[in-house]
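Okay, here's what each chain looks like letter by letter:
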Amino acid sequence: MSLAASIEIRRSTFADVPAARRLGAEAFGVSTRPSPDPDPGSWPSPNVRPWVATDHDEVVAGLGVRSFTSWFHGARLPTAGFAGVTVAAEHRGSGLLRPLMAAALAEARDLGDVVSTLYPSSAGIYRGVGYEVVGAFEDVRIPVAALAAVPRPAGGVRARRATAADVPAVRRVYEQWASAQNGPLSRGEAPFIMEADEMVGPDADYTGVSLAVSGAGADEEVLGFASWSRGPGYDRTNTIEVDDLVALTPDAARALWRVLASFASVAGWVQVCTSGGWSGVDVSRLVLPDHAATSVPRPYMLRLLDVPGALGSSRVAPVTARVRFAVVDPRTPDLEGAWTLEASVGAVRVSPDDAATPGDRLTFTSAGLALTWAGAQSTANARLAGAVSGPAEHDAVWDSLWGGRQVHVRDYF
Ligand SMILES: CC(C)(COP(=O)(O)OP(=O)(O)OC[C@H]1O[C@@H](n2cnc3c(N)ncnc32)[C@H](O)[C@@H]1OP(=O)(O)O)[C@@H](O)C(=O)NCCC(=O)NCCS
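Computed from a prediction, not measured in an experiment: that's the story for all the values here.

We now examine the overall build of the protein chain. Looking only at helices and strands, the protein chain features 10 helices and 17 strands. Against the compact-globule benchmark of 22 Å for 413 residues, the protein chain has a radius of gyration of 23 Å, which places it among compact chains. Counting only C-alpha atoms, the protein chain reaches 60 × 55 × 40 Å along its principal axes. The buried share of the protein chain, reckoned over its 413 residues, is 40%. Sequence-distant contacts in the protein chain: of pairs separated by 6 or more residues, those separated by 24 or more amount to 74%.

So, on to the site of the ligand. Near the ligand, the surroundings consist of 16 residues, among which R92, S121, S122, G124 and G128 are the closest. Taken together, the residues of the shell around the ligand break down into seven nonpolar, seven polar and two charged.

So, on to the sheet that holds strand β14 (residues 337–344). Pairing is mixed across the open sheet formed by five strands, whose spatial order is β15-β14-β13-β16-β17. With partners counted over all chains shown, the strands left at the sheet margins are β15 (347–352) and β17 (388–389), one partner each. Relative to β17, strand β16 (residues 362–364) runs antiparallel, the two being bridged by two bridges. Along β17, the bridge assignment pairs F364 with V388. Most of the contacts of helix α10 (residues 395–402) go to strand β13 (residues 321–327), to which it runs at about 95°, and overall it touches β13, β14 and β16.

Domain parsing of the protein chain yields domain 1 (7–118), domain 2 (138–298) and domain 3 (306–402). Here the C-alpha centre of domain 3 lies 30 Å away from the C-alpha centre of domain 1. Between domain 1 and domain 3, the residue contacts involve eight residues of the former and eight residues of the latter. Grouping the constituent residues of the side of domain 1 that touches domain 3 by class yields five nonpolar, two polar and one charged.

Take the pairing of strand β2 (residues 48–55) next. Taken together, the five bridges between strand β1 (residues 7–11) and β2 define a ladder with antiparallel strand orientation. Bridge pairing in β2 links R11 to W51.

Before going further, it helps to examine the nonpolar core. Counting 111 residues, the largest nonpolar core has V134, A212, L256 and L260 as its most contacted members. Looking at which element gives the most residues to this core, the answer is helix α6 (residues 250–261), with eight residues. Ignoring sequence-local partners within four residues, the contact set of L256 consists of A159, S210, A212, G224, A226, L245 and A247.

Its place among the elements puts L305 in the loop between β12 (294–304) and α7 (307–313). By the C-beta count within 10 Å, which is 25 here, L305 ends up buried. Along the chain, L305 and A190 lie 115 residues apart, while their C-alpha atoms are 22 Å from each other. Beyond its immediate sequence surroundings of up to four residues, L305 is in contact with A80, L105, A108, R109, D113, V114, V115 and S116.

Right, let's get into helix α8 (residues 366–373). Of all eight residues that make up α8, eight are buried, and the element is covered over most of its length. Where α8 is concerned, the buried positions are S366, A367, G368, L369, A370, L371, T372 and W373. With its phi angle positive at about 80°, G375 sits one or two positions after the end of α8.

As a further point, take unusual backbone geometry. Geometrically, the link from W43 to P44 is a cis peptide bond, its omega value of -5° lying close to zero. Locating P44 in the fold gives a position in the loop between α1 (17–28) and β2. Following A190, the chain continues into P191 via a peptide bond in cis, with omega recorded as 0°. Within the fold, P191 resides in the loop between α4 (167–178) and α5 (196–199). The phi torsion at H56 lies on the positive side, around 50°, for a residue other than glycine.

Here we take up the sheet that holds strand β5 (residues 115–118). Here we have 12 strands laid out as an open sheet, ordered β1-β2-β3-β4-β5-β12-β6-β11-β10-β9-β8-β7, and mixed in their pairing. The outermost strands of the open sheet, each flanked by one partner alone, are β1 and β7 (158–161). Between one strand axis and the next, the sheet turns by 25° as a mean value, whatever way the strands run. Pairing of strand β8 (residues 208–214) with strand β9 (residues 221–229), which is carried by seven bridges, proceeds in the antiparallel orientation. When the sheet's bridge partners are listed, V209 is paired in β9 with S227. Its contacts with the sheet place α6 against β7, β8, β9, β10 (239–247) and β11 (269–275), and it is angled at close to 25° to β9. Across the sheet, α8 touches β6 (132–143) and β12, and the angle it forms with β12 is around 120°.

A separate point is helix α2 (residues 97–110). Given 3.6 residues per turn, any residue in an α-helix points the same way as the ones three and four places further on. When the terminal C-alpha atoms of α2 are compared, their 20 Å separation across 14 residues agrees well with the 20 Å that a helix rising 1.5 Å per residue should span. On its buried face, α2 sits against β1, β2, β3 (58–72), β4 (75–87) and β5. Following α2 by one or two positions, G112 adopts a phi angle in the positive range, close to 105°.

To continue, consider the environment of S12. Within the element layout of this structure, S12 appears in the loop between β1 and α1. Taking C-alpha positions, S12 is 42 Å from N238, a pair spaced 226 residues apart along the chain.

Rules of the game
- Position numbers for residues count from 1 along each chain, tracking the sequence in the order it is written.
- At least 70 in pLDDT is required for a residue's local features to be given in this predicted model, at least 80 for side-chain atom pairs to be given and counted, and no such filter applies to totals for whole chains, interfaces and linings, which use all residues.
- What counts as a helix is a DSSP run of H or I of at least four residues, what counts as a strand is a run of E of at least two, and both are numbered from the N terminus.
- Values of the radius of gyration come from C-alpha atoms, whereas the globule rule sets the reference at 2.2 Å times the count of residues to the power 0.38.
- Here a residue counts as buried when 20 or more other C-beta atoms sit within 10 Å of its C-beta, as exposed when there are 12 or fewer, and as partly exposed otherwise, the C-beta atoms being derived from the backbone.
- Residues are treated as contacting if the C-beta atoms built from their backbones sit within 7 Å of each other.
- To decide whether a residue is near a molecule or strand, its C-beta atom is placed from the backbone and checked for lying within 6 Å of it.
- Under the grouping applied here, Gly and all other residues not named as nonpolar or charged are polar, the nonpolar ones being Ala, Val, Leu, Ile, Met, Phe, Trp, Tyr, Cys and Pro and the charged ones Asp, Glu, Lys and Arg.
- Strand pairing is assigned whenever DSSP detects at least two bridges linking the two strands.
- Angles here are taken between N-to-C directions and fall from 0 to 180 degrees, while the axes themselves are lines fitted to C-alpha atoms, restricted in helices to the stretch in contact.
- Here the bounds of each domain stem from an automatic or database domain assignment.
- Put simply, a nonpolar core is buried Ala, Val, Leu, Ile, Met, Phe, Trp, Tyr and Cys residues tied into one set by C-beta atoms within 7 Å.
- One fewer than the residue count of a helix, multiplied by 1.5 Å, yields its expected span.

Written out as structure tokens, the structure reads:
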């Protein structure tokens, strides 16, 4: 579909802000806590790149690209997180989305982002531009009664309330957990940094941050944390909302779940922001004796921007492997190519292969590459979805390189 000559796609200016905000409110509803009008000095927000499409100077589409790093295969990868994607109601279906996304993706690539992620309102919107669902951020609701039988932690692990002095230790716990997964934001960039005044104190986002600790005095070690909000009321309809529950040991998980269980007389529910599905993929749930819960998933989609950059940053098992692979996907010409991957002593090198011929190697669509590299699907399953084709002799090697980490994400944007 070719765009009308009157359409311009460009980075937003401050003058676009009222129209872009109106579009956002129309698409996503009016916030009960609207953010104040920005002033030119503080716009755009740190690490946000806003884009618009205009028709005869009227703003008819917009989006924001959040710049952050996220963990994949042991590396902190520069990531372009798309948010607030909106086309004005009267212009939907006219082909604005693809060129708007393409312009913002090209800029992200130029700036060094190697992957892009987003939370779709419908997955089908973004498949055509190369994204695939690799995981989900979830709100899991658990009846407090189901936590009653969580055993006491052993090994001297106990819970205590965090103070501002504990925030560096909380960040270390998060980093130790996040760096072992695929997907979590590093929380190293605004607005995702766990700032002390947002965690604890009079202006904090939470009623409390509880820690699981072992040892005492100078030997005390923080092994987990839960940030929770109390909400009003004290009957069984009430919910304790938990933004993070991260535990590095099973006893730390038990200590934190027991803090939440202690609200049984004044709340009926605990709602935890988590990821990975209610099958135990969030390991902190493995210590729960009861699986009663309901879950509302928010799917998370991934697209690669730089194939050698993403794969080549990965730290993998110390196997020696050589796999020839290609990406063939007319929907994402920027990702197409043929390469040879060489893995040795835990590092990966990906070099272009000019001698490739069609069908001579393991071949991915952009979705197939996202699914298998993130470890969200095996190569065999991606073949069932039409996302992988070509010779299967290296499927097992591909899976062993990328299959060892689960996909998690704990920040919504
Ligand atoms: C989503 C939105 C931005 C798409 O813009 P649009 O102009 O309607 O998009 P297009 O008609 O060009 O369609 C683009 C692609 O999305 C798909 N799509 C559009 N709406 C969809 C829906 N509701 N569910 C699934 N797929 C959808 C189209 O089939 C098309 O796929 P293709 O590229 O494979 O052909 C627009 O409908 C909108 O603003 N909706 C309300 C806000 C919203 O949901 N934003 C997304 C937030 S993540």
